[in-house]
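The primary structure of each chain is shown beneath.
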Amino acid sequence: APTIYRHDYQPYAYRVKSTRLCFELDENVTTVVSTLDIERTGTTPVPLILNGEHLELISIEVNGSPLSENDYRLDTETLTLFPESTSFSLQITNRCKPIDNSSLMGLYVSGKSLFTQCEAEGFRRITWFPDRPDVMSRFTVTLRADAKRYPLLLSNGNLISQTDLANGRHEAVWEDPHPKPCYLFALVAGDFDCRETRIKTAEGREALLQVYCDKGDLGKTAWALQCLERSVRWDEQRFGLPLDLDRFMIVAARDFNMGAMENKGLNVFNSAYVLADPDTATDASYEAIESVIGHEYFHNWTGNRVTCRDWFQLSLKEGLTVFRDQEFSADMMAASLPEKEAVSARAVKRIDDVVALRTAQFPEDAGPMAHPIRPESYQEIGNFYTATVYEKGAEVIRMQHTLLGEEGFQAGMQTYFRRHDGQAVTCDDFVDAMDTVYRARNPGKDMSVFRRWYSQAGTPRVNVSINHDAANQSCSITLSQRCEPVGVEKRRNPPVEKPPLHIPFALGLLSPEGTPIPLQNGSDTTDTLVLDLTEHTQSWTFKNVPGRPVPSLLRHFSAPVIVEYDYRNDELALLARFDTDPFARWEAGQELATRYLLAQVSENITNNAPELALLVETWQTLASDDTLSAAYLARALVLPSERILLEKCKPADPQAIVAARNALRAELGIALQDIWQSHYQNLSETLNKSSYAPNPLQAGQRALRNCALSYLVTGQPQKYLDLAVKQYEGATNMTERMGSLSTIVHQDSVQTIQKALASFYSRYENNPLVIDRWFALQATAASTDVDTVRSLMTHPAFTMRNPNRARALLFQFCLNNLKGVHSQAGYAFWAEQVLALDAINPEIAARLARAFDNWRRFAPAYRDAIETALKKIQAHPTLSRNVSEIINKALE
Ligand code: HT7
Ligand code: ZN
């Protein structure tokens, strides 16, 4: 497949002033008539190139006259015309086959309904069009379909008319007043229930908010509608951005490749991010729904009103919108709690986001798919909806927020919208807006060094050294940054020179007794100072530091970097006990546990390993600290995940990681039995006093209660398994039920496991989202191996064609069951499933294909077996462009 380069960008040679689409919808064969009002931008004639794939051409007319085959060129991916005049009307009639479309890109069938997914390049599967985000057009859409099968016909914008037609068909006409690129086009046709509310926007406009779902699911849409209304309010209040539509619709789809899609005024969602009630959704699902609904809604400004010039700029909308949804969730959590708890609620959200970044993005940035947040090249854009573009992209926005402060950042956003509303722009345009404000507020400084974050891949390392001068009571801190070559850079000769980045590095100092040392900041003092690291090495000196301090580093994770500082173990224990920054405090405990666990795995890292006793003591101190919220404790007391540990283990030894982590969980379960029991007891009493609500306070309490249960059962299964069974049987909500079921499934009593799984299945057999959980739980269970997964694949409820189901069983096994998958049989199974999925849905297959991206880091026996499996995939004769890009890069 050809490689597309960012530097080859050329503006499109034509404008599409208006687009009229008329659909004769039918799941077998849909006919599309597209009428485009086209104008050339330059003075000399140039070919008009339109994208189109898997389409059947019926006719082409220019200004009402049919073209003959000699007048155009048609190949598998493009239709080329040779217009002489500067402006003309082009009408194309074509057919497509929704029923045969298993890729879920373009127009496809889900259940009995029809949906579209056009981002990034799905519109070309509907009709021929300039399928690129910088071609914006005003859309009018006519939908015709059988009135019984498809009573609801939805598209973007405003409903202009609805008419009954002959032969039991009907028609709806929609007009979107906002010019948009075709990736934001959507249609939905089907029979749905709808929950709605009318609101008045801050500008005084009336707007209708609607959530559509399959018949029978209406009872599970209340939370989604609340989240939508809260999103509207939050964007008005914090960003001053109003809803610009009379009607905003969300439709839940069972079959969907990603989380959701921000089509203008008609968001299509994976039903997993819409449907919730206490009996079927966990606290984590409620939280995820809030965040995804916020995310898609916030795209209305950051993505739709101002969109991307080309797909290399994807982070322009995705990084910014993830930052906005993270802040939305943090504000929502904090708002529901008293002020004291609000600080820790924000820290909990930050911890969760950083864990997600380290789980998915750090490995990506160290592997064969490493790319800057604004990639330089790609073969298949679908492969670049990555943790780097999204999550690291959000960190890059967050650093700009840190450099400018809330007020300065909002001023930068206003500048951005003032300059670019209604345009398709670049990441540089965004930073230009922020830089204008930054320069005005920081004379003599600019963001030129900061911009390198957009073009440099790899996770930078910041090395910290401290020099304390006891005589002068001063302390100097030296920060040095470096970023190793990653991905293709490793093979460059001469080696790539990576210039320094602008890293806002938040730091505090603690006395050897654990009290905060005030740091001079201009004429004030502060506990936390943000240092501007812009060179390879810089030093700062602090006065009035009597003893050698313990540094609290990268507070609130102020930059997406890895910190290197040679802490003594007792210093980490001190930070875990006393640090006033909740993020750095959590980090210290996790680092202590990581050191202990890695030392169990590899004999050569024993020089700085803590004693088990220090770990137990630290966990005990944390678990008994009643100033900490339950939600925070649940994060602080859980050990670093297997995947995060694997990332730090050299060479990576998955089976040893699993064994070491389980052993430590059992040790802590036994050693702190009394504390776990008392938490379990107290939290049960507290939770029993009120009915279920998906609020952060209760969610934290349930999380800590499940954490305590899991430690108890892991430590002494014979003594505490009954407690888990009791919780399972008496559960009044899904969080309790899943917490206990997952504890049951991860121990050894086969009979208890089978009984609980059977009861769960029969209770929820008609709820697909819960059956996904049932598959996922078994996929990750300690006893599950390839044979178990194969047998689950023969279950009548399993299908590869539904992405949620494939993710629940295959992805969960391959990505999150290290014990089960890391064997020759596991890798062979993975290769087989990548190929099977590729024939159905290349976007999904390519994601599974990335499971062992970092195979070269593994210990030799694992490495060789993964290489064999990768080569098997590579040798397959009909790989999609998606999978072949991933596998070729992995083997390069
Ligand atoms: N902007 C949306 C991207 C998306 C997508 C991309 C490729 C294939 C299917 C897809 N579905 C949605 C999602 C978002 O970031 O909001
Ligand atoms: Zn997005």
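This one's a predicted model, so the numbers in the text were calculated from it and none came from an experiment. (Residues numbered from 1 in each chain as written. Chains lettered and ligands numbered in written order. Predicted model: local features only at pLDDT ≥ 70, side-chain atom pairs only at ≥ 80, totals over all residues.)

A. How the structure looks around the overall build of the chain. Along the chain, the regular secondary structure elements total 25 helices and 35 strands. Relative to the compact-globule value of 29 Å for 892 residues, the chain shows a C-alpha radius of gyration of 28 Å, a close match. Counting only C-alpha atoms and orienting by the principal axes, one finds that the chain spans roughly 90 × 70 × 60 Å. Sorting the 892 residues of the chain into buried and exposed places 49% on the buried side. When contacts within the chain are restricted to residue pairs at least 6 apart in sequence, those whose partners lie at least 24 apart make up 70%. (Helix = DSSP H or I, 4+ residues; strand = E, 2+ residues; numbered from the N terminus. Rg over C-alpha atoms; globule rule 2.2 N^0.38 Å. Buried ≥ 20, exposed ≤ 12 C-beta atoms within 10 Å, placed from the backbone. Contact = placed C-beta atoms within 7 Å.)

B. Highlighting the domain arrangement of the chain. By domain assignment, the chain separates into domain 1 (15–190), domain 2 (192–305), domain 3 (313–448), domain 4 (461–565) and domain 5 (765–892). Look at where the C-alpha atoms of domain 2 and domain 5 centre, and you get two points 32 Å apart. Contacts between domain 2 and domain 5 engage 9 residues on the former and 9 residues on the latter. Classifying every residue of the side of domain 2 that touches domain 5 gives 3 nonpolar, 4 polar and 2 charged. (Domains from an automatic or database assignment. Nonpolar A, V, L, I, M, F, W, Y, C, P; charged D, E, K, R; others polar.)

C. Inspection of the UniProt feature "domain: Peptidase M1 membrane alanine aminopeptidase" (unreviewed entry) in the chain at higher detail. Within this numbering scheme, the UniProt entry marks residues 223–439 as carrying the feature "domain: Peptidase M1 membrane alanine aminopeptidase" (unreviewed entry). From the first C-alpha to the last, residues 223–439 spans 43 Å; its make-up is 59% helix and 9% strand. (UniProt positions renumbered as here; feature names shortened; annotations may be inferred.)

D. Main features of the nonpolar core. Core analysis: the largest hydrophobic core is formed by 258 residues, its most contacted members being Val188, Val251, Val268, Val274 and Ile289. At 11 residues, the largest contribution of residues to this core is made by helix 5 (residues 387–420). In this structure, Val188 is in contact with Ser113, Leu114, Phe115, Leu154, Val251, Leu266 and Val268, ignoring residues within four places of it in sequence. (Core = buried A, V, L, I, M, F, W, Y, C linked by C-beta atoms within 7 Å.)

E. Just the pairing of strand 8 (residues 78–81), in detail. Pairing between strand 4 (residues 48–51) and strand 8: 4 bridges, direction antiparallel. Residue pairing for strand 8: Leu50 is matched across the bridge by Leu79. Bridge analysis of strand 7 (residues 72–74) against strand 8 gives 3 bridges, and the strand direction is antiparallel. Bridge pairing links Tyr72 to Leu81 in strand 8. Here strand 7 folds back onto strand 8, and the loop between the two strands holds 3 residues. (Pairing = 2+ DSSP bridges.)

F. Spotlight on unusual backbone geometry. Of the consecutive residues Glu119 and Ala120, the connecting peptide bond is found in the cis state with omega at -5°. Along the chain, the position of Ala120 falls in the loop between strand 11 (113–117) and strand 12 (136–146). Across the junction of Asn493 and Pro494, the peptide omega takes the value 0°, indicating a cis bond. Phi at His54 takes a positive value of approximately 55°, unusual for a residue other than glycine. The topology assignment puts His54 in the loop between strand 4 and strand 5 (56–62).

G. Region of interest: the site of ligand 1. Taken together, 15 residues surround ligand 1, and among them Glu119, Asn257, Met258, Met261 and Tyr385 come closest. Listing elements by their share of the shell around ligand 1, those giving two or more residues are strand 21 (260–261) and helix 2 (283–298). In the shell around ligand 1, the residues fall into 5 nonpolar, 5 polar and 5 charged. (Near = placed C-beta within 6 Å.)

H. Up close: helix 1 (residues 222–239). Between the first and last C-alpha of helix 1 there are 25 Å, a value that for 18 residues agrees with the 26 Å anticipated at 1.5 Å per step. Turning to helix 1, its buried residues number three or more, namely Trp223, Ala224, Cys227, Leu228, Ser231, Val232, Trp234 and Asp235. On its buried face, helix 1 sits against strand 18 (192–200), strand 19 (206–214), strand 20 (247–253), helix 2 and helix 3 (314–335). (Expected span 1.5 Å × (residues − 1).)

I. Fine view of the UniProt feature "domain: Peptidase M1 alanyl aminopeptidase Ig-like fold" (unreviewed entry) in the chain. The positions UniProt marks with the feature "domain: Peptidase M1 alanyl aminopeptidase Ig-like fold" (unreviewed entry) are residues 458–566. End C-alpha atoms of residues 458–566 are separated by 22 Å, and the span's content is 0% helix alongside 48% strand.

J. Structural view of the pairing of strand 14 (residues 158–164). Counting buried positions along strand 14 gives 0 out of 7 residues, so the element sits mostly on the surface. Pairing of strand 14 with strand 15 (residues 169–175), which is carried by 6 bridges, proceeds in the antiparallel orientation. If you follow Asn158 over to strand 15, its bridge partner there is Glu175. Hairpin geometry of strand 14 and strand 15 is characterised by an intervening segment of 4 residues between the two adjacent antiparallel strands and by a positive phi of about 60° at Asn167.

K. Layout of the sheet that holds strand 26 (residues 461–469). Reading across the sheet, the 4 strands line up as 33-27-26-35 and stay open at both edges, with mixed pairing between neighbours. Strand pairing shows two members of the sheet lacking a second neighbour, strand 33 (537–542) and strand 35 (562–564), which therefore form its edges. On average, each strand axis in the sheet is tilted by 25° relative to the strand beside it, whichever way the strands run. The pairing of strand 26 with strand 35 spans 3 bridges and is classified as parallel. By the bridge assignment, Asn463 is partnered in strand 35 with Glu564. (Axes fitted to C-alpha atoms, helices over the stretch in contact; angles between N-to-C directions.)

L. Just the sheet that holds strand 13 (residues 152–155), in detail. Pairing within the open sheet is antiparallel, and its 4 strands lie in the order 10-11-17-13. Looking at which strands have only one partner, the edges of the open sheet turn out to be strand 10 (106–110) and strand 13. The sheet shows a mean angle of 15° between the axes of neighbouring strands, taken without regard to direction. Bridge count for strand 13 against strand 17 (residues 187–190) is 4 bridges, and the pairing is antiparallel. Across the sheet, residue Leu152 finds its bridge partner in strand 17, namely Gly190.

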